[in-house]
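Architecture at a glance
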Amino acid sequence: MIGRNANRQSQRRLLASRICTSLAACFLVLAFAVAALGPLGLDLADAAHRLDDGLLARLYRHCPTVLWRQVMLPLLVRPAWVLPATLGIVCSGLAITLARPFGLDLRRRRR
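Residues numbered from 1 in each chain as written. Predicted model: local features only at pLDDT ≥ 70, side-chain atom pairs only at ≥ 80, totals over all residues. Heavy atoms only, no water.

1. What to know about the side chain of aspartate 43
As a reminder, the rule being used: Comment: elements are numbered from the N terminus, with helices defined as DSSP H or I runs of at least four residues and strands as E runs of at least two. Two N or O atoms count as a polar contact when they lie within 3.5 Å, although within protein this holds only if one can serve as hydrogen donor and the other as acceptor, and sequence-adjacent residues are included solely when both atoms are side-chain atoms. Working rule for contacts: check all heavy atoms of both residues, and any pair within 4.5 Å makes them a contact.
By the secondary structure assignment, aspartate 43 is in the loop between helix H1 (2–37) and helix H2 (44–51). Here aspartate 46 takes part through its backbone nitrogen, which lies 3.1 Å from a polar atom of the side chain of aspartate 43. The contacts of aspartate 43, once residues within four sequence positions are left out, are Leu76, Val77, Arg78, Pro79 and Ala80.

Written out as structure tokens, the structure reads:
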């Protein structure tokens, strides 16, 4: 019974790792496409405005003031490719973490 649960858990971890790998590839390709094909100097605020005119106004209304000033404004002045690239890097880290064999001790043993 214990072996079955461990096998199911390892299968779920492998599936989650593959999903994260696919997401990471999609986000990194998207980041490259935005950087290569988008206009020069396109920041995230301009890209959001091109997608939907009222998006920034809705975000401003629903975000608390502290979150808007300390998180959203610095993020909106970054280049448009930074957000998908960051999400791709995070997803690839998750994929690597989930692909690690279950119960593996990574610390070195001293003799």
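2. A look at the nonpolar core
How we decide: Put simply, a nonpolar core is a bunch of buried Ala, Val, Leu, Ile, Met, Phe, Trp, Tyr and Cys residues held in one set by side-chain atoms that sit within 4.5 Å of each other. Exposure categories follow from relative accessible area, calculated using a 1.4 Å probe and restricted to protein chains: below 20% of the type maximum is buried, above 50% is exposed, and the middle band is partly exposed.
In terms of nonpolar packing, the biggest core is built from six residues, these being Leu44, Ala45, Cys63, Trp68, Met72 and Leu76. Setting aside anything within four residues of it in sequence, one finds leucine 76 in contact with Asp43, Leu44, Ala45, Leu56 and Trp68.

3. Things to note about the confidence of the model for the protein
Defined as follows: For every residue, the predictor reports its confidence as pLDDT, a number between 0 and 100.
When pLDDT is averaged across the protein, the result is 88; 88% of the residues are at 70 or more. Predicted confidence in the protein is weakest over H1, with a mean pLDDT of 89, and strongest over helix H5 (residues 82–99), with 94.

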